[in-house]
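What follows is the residue order along each chain.
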Amino acid sequence: MAEAGPAVPASEVAPVRQRAVLVLPSNGEFDSRTYRIARTLVERGHSVTVVAVLMGDVLAEEQHPLGYRIIRVPASSIDGLPLQPLVRFGRWLARGARARRRRRQDGPPDRAARRRPDTSSPAVTPPAGPGGRATAPRRIASGLVRRLAIPLTLRSYARNARLVAPAADVFHGMAFMGIPIALELARHHRSRSVYDARDIYLDARNLARMRGPARWLIARGERGWARRAGTVVTINQAFADVMRARWQVDPLVVMNCSYRFVPPEPPERRFHAALGLPPGRRVVLYHGGFFPHRGVEELLVAIREIPDTTLVLMGYGALEPVFRARADAPELADRVRLLPAVPPDELLSWVAGADVVAMPIQPTTLNHRLTTPNKLLEAMAAGVPVVASDLPGMATIVRETGCGLVVDPEDPSALAAAIRALLDAPPEERSALRRRCLAAAHATYNWETQVTGLLAEYTRLTGRPW
C-alpha cells in the first residue's frame, strides 16, 4: 500500500547531483537498508550504483526499477589466492623434482645416498585420532584454512570490484565484508568512504567463537577500517557505545527503520491466500534469516501451545532444510509453514497480514543482546503487535511505545503465553495496539526521519548538499 508522505526527506538546501557506490557483502536481493538508501538518493537526483557479490540465482548486472544500477562480481577464497607467488613456488617444486629424478637415474654418491630417505616403501599417512577424528595438526590446519578464507575472499572481491565499480563521491561499505572493499575503491578513486557497521561483528555468529591471535587480528583489522573511513554509521545507540569504546570513533546512529506506511483496513490476508489457510486461522510471523539462535527453534516448541494458529517462517538461510523437516513432523502438522523471502518493497504488505510478529532472539552473543532487529521496526511500520526478547536493544522500544510484549526468549512456554495474550485480547485492545505501533512508526521510527542524519553526513564528507 501507499506510504504516508513523501519518500524524499524535506531539505532547506536543494541537493547537488552526486555519485554514490554502495558496497554489499551479499548479492543484495533482500537487503532492505541498501534498498532504502539507494531509493532515497535516486529520488533526490543522485547517481547510485550497488556493487554486490555474484552468488545465487541473480543477474551479474541489472537496472533496478527505481533507477539505480546493480553490479555483481565473483568473490571467493580460491580466486583470492596470490597466484604469482604460487606459480613461482610451483616452478621451484618442479625444478626440484626434475633434479631428484636425474639423481636417481645417474646414481647418487654414497654420502648423499646415506642422507637421502628410503623411497622404496610407501608413504605413511599420519593416523586419525580415536573414532576417525582428525588429529590435532589436522584440526589446526583446518582452522587455518577457515581463517584464511576471509582475507582471501576480501582480496578477490576487492580486485574484481575495482575492475567494474565507477568513480563516486562517496563509497558506502555495508558490513564487515563490505567496508574493506569500499575503502579500497575510495583509495583508488581518491574519494570518501562510510563504514555502515550494522552489527558488532566480532561478537556475532562465527566470529564470536574465535579466540587467540586470529581474533586479535580481525579486531585490529576492523578497528583500522573504522578509523580510515570518513565516518562510521550504525543502527542503535548501544552498538554506537561499544564501537566508540573499541575504536575511539564517534558513530552516527541511523536506525534501520521502514518508510512510513499506511496498511489497508482490514489487512490483506496474504498468508491465507498463499498457504490456503482457513479464514479464521491466526498467523504468527517470523521473518528474516534462518540462522542459529534467532529463536525459531523456541517458536517451533511454543506454537504447540497456541490453538487455531499457524506459525509462518518467511525468509532464507542455512537452517531452512532443518526447519522444513521440523515443520513436516506429525506433531506440527498444519501448525508451521515456510515461505521464501520477499523483496523489500513488498515486505510491509506481507507483514501487515500477520496477527503477531515474533522475534525471540537468543542472548547468545553481545551482538544479539544489543541488537534492534529490522523485524521489530517493520512490524511497527505495518501496525502489527510484537512479542520480542527482553533484551536491551528491543525491550526499551517495545515498552516505550507499547507495541507489544517482551519475554524471556529462552522459555518457550512464556513465549507461547505472551503470543496467546496478544492473539486473545479483545478487539478494542488489539485496535489500540495497532494504533500505538503506527503512531510510533509515523512519529519517530521511520526512514524519512532517520535518513536525514545520513544525508547530513554525506554533505559533511563531500562539502556539497545531498
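Above this text is the structure in question.
(A) Region of the structure containing the overall build of the chain. Across its full length, the chain holds 18 helices and 14 strands. Split into buried and exposed, the 466 residues of the chain put 49% on the buried side. Long-range pairs, those at least 24 residues apart, make up 71% of the contacts in the chain between residues at least 6 apart in sequence. When the accessible surface of the chain is split by element, carbon and sulfur atoms take 56% of a total near 22400 Å².

(B) Representation of the packing of aromatic side chains within the structure. On inspection of all chains with the given rule, the structure shows 8 aromatic pairs. Judged by centre distance (6.1 Å) and plane angle (45 degrees), the ring pair of Phe176 and Tyr201 falls under tilted. Separated by 25 residues along the polypeptide, Phe176 in the loop between β5 (170–174) and α5 (179–189) and Tyr201 in the loop between β6 (192–196) and α6 (205–208) bring together distant segments of the chain. The class of Phe176 is buried, set by a relative accessible area of 7%. Classification of Tyr201 by relative accessible area gives buried; the value is 11%. Ring pairs connect the aromatic residues Phe176, Tyr201 and Trp225, which therefore count as one cluster. Directly above the aromatic system of Trp447 lies the positively charged group of Arg36, at a separation of 5.9 Å from the ring centroid. The lysine or arginine in question, Arg205, covers the ring of Phe291, its NZ or CZ lying 4.2 Å from the ring centre.

(C) Representation of the sheet that holds strand β2 (residues 47–53) in the model. Taken in spatial order, the 8 strands line up as β3-β4-β2-β1-β5-β6-β7-β8 in an open sheet, and their pairing is mixed. Strands with a single pairing partner mark the edges of an open sheet, and in this sheet they are β3 (61–63) and β8 (252–253). Of the strand pairs in this sheet, strand β7 (residues 231–234) and β8 are connected by 2 bridges, and their pairing is parallel. For Val233, the partnering residue across the bridge sits in β8 and is Leu252. Where α5 meets the sheet, it contacts β1 (19–23), β5 and β6, and its direction lies at approximately 165 degrees from that of β5.

(D) Broad picture of helix α15 (residues 392–401). Within α15, burial applies to Gly393, Met394, Ala395, Ile397, Val398 and Thr401. Tucked into the core, α15 has its buried residues touching β12 (356–359), α13 (366–370), α14 (374–382), β13 (386–389), β14 (404–407) and α17 (427–443). Gly402 lies just past α15 and shows a positive phi near 70 degrees.

(E) Main features of the side chain of Arg434. Relative to the assigned elements, Arg434 resides in helix α17. Assessed through its relative accessible area of 15%, Arg434 is described here as buried. Look past the residues within four positions of Arg434 in its chain and what remains in contact with it is Pro263, Pro264, Glu265, Pro267, Ala382 and Gly383.

(F) Seen up close, the pattern of salt bridges. The tally for this structure, following the rule as stated, stands at 21 salt bridges. Across the salt bridge formed by Asp169 and Arg19, the nearest N and O atoms sit 3.3 Å from each other. Taken together, the residues Asp169 in the loop between α4 (136–164) and β5 and Arg19 in strand β1 connect sequence positions 150 residues apart. On the basis of relative accessible area, Asp169 is assigned to the buried category, the value being 13%. With a shortest N-O distance of 3.2 Å, Asp390 and Arg399 are connected by a salt bridge. Salt bridges here are not isolated pairs; linked through shared partners, they connect Arg19, Asp169 and Arg464.

(G) Layout of the nonpolar core. Core analysis: the largest hydrophobic core is formed by 42 residues, its most contacted members being Tyr157, Ile181, Tyr195, Val232 and Trp247. Listing elements by their share of this core, those giving two or more residues are β1, β2, β4 (69–73), α4, α5, α7 (212–228) and α8 (237–247). In contact with Tyr195, other than residues within four places in its own chain, are Gly173, Ala175, Phe176, Ile179, Tyr201, Glu222, Ala226, Ala229, Thr231, Val232, Val233 and Trp247. Membership of the second largest hydrophobic core comes to 39 residues, among which are Leu339, Met359, Leu377 and Val386.

(H) Seen up close, the sheet that holds strand β11 (residues 336–340). Taking strand neighbours across the sheet as the criterion, the 6 strands line up as β11-β10-β9-β12-β13-β14 in an open arrangement whose pairing is parallel. Every interior strand has two partners, whereas the edge strands, β11 and β14, have only one. Sheet twist, expressed as the average angle between the axes of neighbouring strands with direction ignored, equals 25 degrees. Direction of pairing for strand β9 (residues 282–289) relative to β12: parallel, over a ladder of 2 bridges. Residue Leu285 lies in a different strand from β12, and its bridge partner there is Val357. The strands touched by α14 are β9, β12 and β13; relative to β12, the strand with the most contacts, the crossing angle is about 170 degrees.

(I) Structural detail: the environment of Arg192. Within the secondary structure, Arg192 is located in strand β6. Take Arg192: its relative accessible area is 35%, and that puts it in the partly exposed class. In sequence terms Arg192 and Thr231 are 39 residues apart; their C-alpha atoms lie 9.0 Å from each other.

(J) Seen up close, unusual backbone geometry. Pro266 follows Glu265 through a cis peptide bond whose omega is 0 degrees. With respect to the helices and strands, Pro266 occurs in the loop between β8 and α9 (270–275). Here Ala175, not a glycine, exhibits a phi torsion of approximately 75 degrees, which is positive. When you line up the elements, Ala175 lands in the loop between β5 and α5. On the basis of relative accessibility, which here comes to 7%, the residue Ala175 falls in the buried class. Even without a glycine there, the phi angle at Asp308 is positive, about 55 degrees. Along the chain, the position of Asp308 falls in the loop between α10 (296–302) and β10 (309–316).

(K) Expanded view of the pairing of β4. With 4 of 5 residues buried, β4 is to be regarded as a mostly interior element. Pairing between β2 and β4: 5 bridges, direction parallel. Residue pairing in the sheet places Thr49 in a bridge with Arg69 of β4. Direction of pairing for β3 relative to β4: antiparallel, over a ladder of 3 bridges. Within β4, the residue paired with Glu62 across the bridge is Ile70.

Basis of the calculations
Counting of residues starts from 1 at the beginning of each chain's written sequence and follows it residue by residue. pLDDT decides what is reported in this predicted model: residues at 70 or higher carry local features, side-chain atom pairs at 80 or more are listed and counted, and totals for whole chains, interfaces and linings draw on all residues regardless. For side-chain calculations, the full set of non-hydrogen atoms in the structure is used, while hydrogens and water are omitted. Put simply, DSSP H or I for four residues or longer makes a helix, DSSP E for two residues or longer makes a strand, and each gets a number counted from the N terminus. Relative accessibility thresholds used throughout: buried, under 20% of the residue-type maximum; exposed, over 50%; partly exposed, between the two (1.4 Å probe, protein chains only). Contacts between residues were defined by any pair of non-hydrogen atoms, one from each residue, lying within 4.5 Å. In this description, accessible areas are obtained by the Shrake-Rupley approach with a 1.4 Å probe, and a residue is regarded as covered only by the protein chains that are shown. Within 6.5 Å between ring centres, the rings of Phe, Tyr and Trp (the latter by its six-membered ring) count as paired, and their orientation is classed by plane angle as stacked under 30 degrees, edge-to-face over 60, tilted in between. A ring has a charge above it when a Lys NZ or an Arg CZ is no more than 6 Å from the ring centre and no more than 35 degrees off the ring normal. By this definition, two strands are paired if DSSP reports at least two bridges between them. Axis angles are defined between N-to-C directions and span 0 to 180 degrees, where every axis is a line fitted to C-alpha atoms and, for a helix, only to the segment in contact. Think of a salt bridge as a Lys or Arg side-chain nitrogen and an Asp or Glu carboxyl oxygen that are within 4 Å of each other. Buried Ala, Val, Leu, Ile, Met, Phe, Trp, Tyr and Cys residues form a nonpolar core when they are joined through side-chain atoms within 4.5 Å.

Remember that the coordinates give geometry; whether it matters functionally is a separate question.
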